Amino acid sequence: MHYFRRKGWEIAERHVTPESVFLNRRALLAGGAALGAGAILPHAAFAQAADPSASLYPAKLNDTYPAGRDVTPEKINAQYNNFYEFGLSKNIAKAAEALKVRPWTIKVDGMVEKPREIGIDDLIKSVTLEERIYRHRCVEAWSMVAPWTGFPLKSLVEMAKPLSGAKFVRFETFMDPKVAPEQRGFWPWPYVEGLTMAEATHDLAFMVTGAYGKPMAKSFGAPLRLHTPWKYGFKHIKSIVRVSFTDKRPETFWEQSGPREYGFWANVNPAVPHPRWSQATEEILGTGERQKTVLFNGYGEWVADLYKGLEKEPLYM
Ligand code: MTE
């Protein structure tokens, strides 16, 4: 079960785009565009047709954490996703359409005052949606910038009323091998991720419900995903159905799949290479350009203190 299979991102340099498919940079606002193999998705076609929360978008921008870089054009981002439940291709948007995202219930359980289940639309109505423009650094050494809409994870933590002994938050993705073909295989499904309580209650930790000013596409992890921008992208668990509070560190999907290569903390650090490649630089998705990677993906002034006293932990894998 814990057999390690090569991941999509390890296919060396496949995502590097032939110049022949460069798009007109000016036409795409900024950042330019180097498309991978495969056609440009008519992304709008995959947007939620009748999402009950659609009228709540676009939400007001919260610019407390400046991205400092141009937003990656939606059509680039929307055809370059990791959602392994639906296959190993980056061009996964069409396959992900098989996921039914309404009705959608999130179970909140474990060490909480009162375990409960909450429908996604009730959850969305109970918070104030805002937009945040976050950098995203994938462990495979590419990066992008996305305008996410959502709410701080700490609002969900407060709502859950965790018991004082709770030390970690564990997140779980849906499990439905009928719609997600890879879940019929041997990987340790469902996808699980985790954060410490200190990380989960940090203002930067964001629960995402929308992207690019509308309910997010299924391939982005509709109807609810996580984004912790100082960590590698594999922490950003998609299509969450369960949030549990626990005093034990959750064993994550990637720790189970490849424990020598992927850890619990996964903080971005250019000085700590992945066992099989450097993390010193990153390709800016859609541009073909590389830039130096920054510790904590540039969010260190806000998050470095979370790791004081934890120096013996493998914080960067
Ligand atoms: N969540 C689930 N459930 N399944 C996945 O395969 N892939 C992770 C993360 N969350 C993944 C997931 C990885 S490896 C990355 S890099 C990001 O989602 C990709 O997010 P994006 O497709 O929005 O860029």
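Small disclaimer: the values here were computed from a predicted structure and weren't measured. (Residues numbered from 1 in each chain as written. Predicted model: local features only at pLDDT ≥ 70, side-chain atom pairs only at ≥ 80, totals over all residues. Heavy atoms only, no water.)

**Some words on the overall build of the protein chain**
Next up, step 1: Tallying secondary structure elements over the protein chain gives 7 helices and 14 strands in all.
Next up, step 2: Looking at the protein chain as a whole, 57% of its 317 residues are labelled buried.
Next up, step 3: The contacts in the protein chain between residues at least 6 apart in sequence include a share of 73% that link residues at least 24 apart.
Next up, step 4: Surface accessibility of the protein chain: about 13,600 Å² in total, with carbon and sulfur atoms responsible for 56%. (Helix = DSSP H or I, 4+ residues; strand = E, 2+ residues; numbered from the N terminus. Buried < 20%, exposed > 50% of the residue type's maximum accessible area, 1.4 Å probe, protein only. Contact = heavy atoms within 4.5 Å. Areas by Shrake-Rupley, 256 points an atom, 1.4 Å probe, with all protein chains shown as cover.)

**Notes on the environment of R69**
Next up, step 1: In this fold, R69 is placed in the loop between strand 2 (33-34) and helix 1 (74-77).
Next up, step 2: On the accessibility criterion, R69 (22% relative accessible area) is partly exposed.
Next up, step 3: Sequence-wise, R69 and I133 are 64 residues apart; in three dimensions their C-alpha atoms are separated by 9.4 Å.
Next up, step 4: Discounting chain neighbours no more than four positions away, the residues touching R69 are R135, S143, V145, E282, Q291 and N297.
Next up, step 5: Only 3.3 Å separates the side chain of R69 from the side chain of S143, close enough to count as a polar contact. (Polar contact = N/O pair within 3.5 Å; in protein donor to acceptor, adjacent residues only side chain to side chain.)

**Re the site of the ligand**
Next up, step 1: Around the ligand, the structure places 19 residues, and the nearest of them are Y84, E85, R225, H236 and K238.
Next up, step 2: Taking N81, its side chain carries an N or O atom lying 3.0 Å from an oxygen atom of the ligand.
Next up, step 3: The contact in question runs from a nitrogen atom of the ligand to an N or O atom on the side chain of T173, over 3.0 Å.
Next up, step 4: Contact with the protein chains hides 100% of the accessible area of the ligand, taken as 530 Å² for the molecule alone.
Next up, step 5: A majority-of-atoms criterion places the ligand in the largest cavity.
Next up, step 6: Residues of the shell around the ligand, tallied by class, amount to 10 nonpolar, 6 polar and 3 charged. (Near = heavy atom within 4 Å. 1 Å grid on protein atoms, 1.4 Å probe; cavity = no way out; pocket = protein on both sides within 12 Å on 5 of 7 lines; lining within 4 Å. Sits in = over half its atoms within 2 Å of the grid points. Nonpolar A, V, L, I, M, F, W, Y, C, P; charged D, E, K, R; others polar.)

**Observations concerning the nonpolar core**
Next up, step 1: Ranked by internal contacts, the top residues of the largest apolar core, which has 82 residues, are I106, W148, L153, F171, M207, W230 and F245.
Next up, step 2: Counting residues per element, this core draws most heavily on strand 6 (residues 142-152), at 5 residues.
Next up, step 3: When neighbours within four sequence positions are excluded, M207 is seen to be in contact with T149, G150, F151, L153, L156, F171, L224, R225, L226 and I240. (Core = buried A, V, L, I, M, F, W, Y, C linked by side-chain atoms within 4.5 Å.)

**Comments concerning empty space enclosed by the protein**
If you roll a probe as big as a water molecule over the atoms, it shows you where there is empty space left.
Next up, step 1: Summed over all chains, the structure comprises 6 cavities of 30 Å³ or more.
Next up, step 2: Roughly 260 Å³ of volume is contained in the largest cavity.
Next up, step 3: Along the wall of the largest cavity there are 23 residues; nearest its centre are N82, R225, G233, H236 and K238.
Next up, step 4: Tallying contributions element by element places strand 6 first for the lining of the largest cavity, with 3 residues.
Next up, step 5: Residue classes in the lining of the largest cavity are distributed as 13 nonpolar, 7 polar and 3 charged.
Next up, step 6: Put simply, the second largest cavity is a space of about 50 Å³. (Points joined across faces, edges and corners; volume = space filled by probe spheres on them.)

**Describing the pairing of strand 7 (residues 168-173)**
Next up, step 1: With 5 of 6 residues buried, strand 7 lies mostly within the body of the structure.
Next up, step 2: Of the strand pairs in this sheet, strand 7 and strand 8 (residues 192-196) are connected by 5 bridges, and their pairing is antiparallel. Pairing of F171 across the sheet is with E193, part of strand 8. (Pairing = 2+ DSSP bridges.)

**What to know about the packing of aromatic side chains**
Working definition: an aromatic ring pair is given by the centre-to-centre distance plus the angle between the planes.
Next up, step 1: Counted under the stated rule, the structure contains 27 aromatic pairs.
Next up, step 2: Residues F253 and W254 carry aromatic rings whose centres are separated by 4.8 Å and whose planes lie at 80° to one another, so their mutual orientation is edge-to-face. You'll find F253 and W254 in the same group, each marked buried.
Next up, step 3: Among the aromatic residues, those joined into a cluster by ring pairs are Y84, W187, W189, Y191, F234, F253, W254 and Y262.
Next up, step 4: It is K235 that lies over the ring of F264; its NZ or CZ is 4.4 Å from the centre. (Phe/Tyr/Trp six-rings, centres within 6.5 Å; stacked < 30°, edge-to-face > 60°. Lys NZ or Arg CZ within 6 Å of the ring centre and 35° of its normal.)

**A look at unusual backbone geometry**
Next up, step 1: The omega angle of the peptide bond from Y57 to P58 is -5°, so this bond is cis rather than trans.
Next up, step 2: The topology assignment puts P58 in the loop between strand 2 and helix 1.
Next up, step 3: The backbone of Y212 sits at a positive phi, close to 55°, despite the residue not being glycine.
Next up, step 4: Within the fold, Y212 resides in the loop between strand 9 (206-211) and strand 10 (214-215).
Next up, step 5: The exposure class assigned to Y212 is buried, which follows from its relative accessible area of 16%.
Next up, step 6: Located in the positive-phi region is N297, a residue other than glycine, with phi close to 55°.
Next up, step 7: Mapped onto the elements of the fold, N297 is located in the loop between strand 14 (289-292) and helix 7 (300-303).
Next up, step 8: Look at N297 and you get buried, because its relative accessible area is 2%.

**Side note on the confidence of the model for the protein chain**
Next up, step 1: Put simply, the protein chain has an average pLDDT of 88, and 85% of its residues get 70 or more.
Next up, step 2: In this model residues 1-48 is a low-confidence stretch, pLDDT under 50, and it forms 112 contacts with partners more than four residues away in sequence or in other chains. (pLDDT = per-residue confidence, 0-100.)

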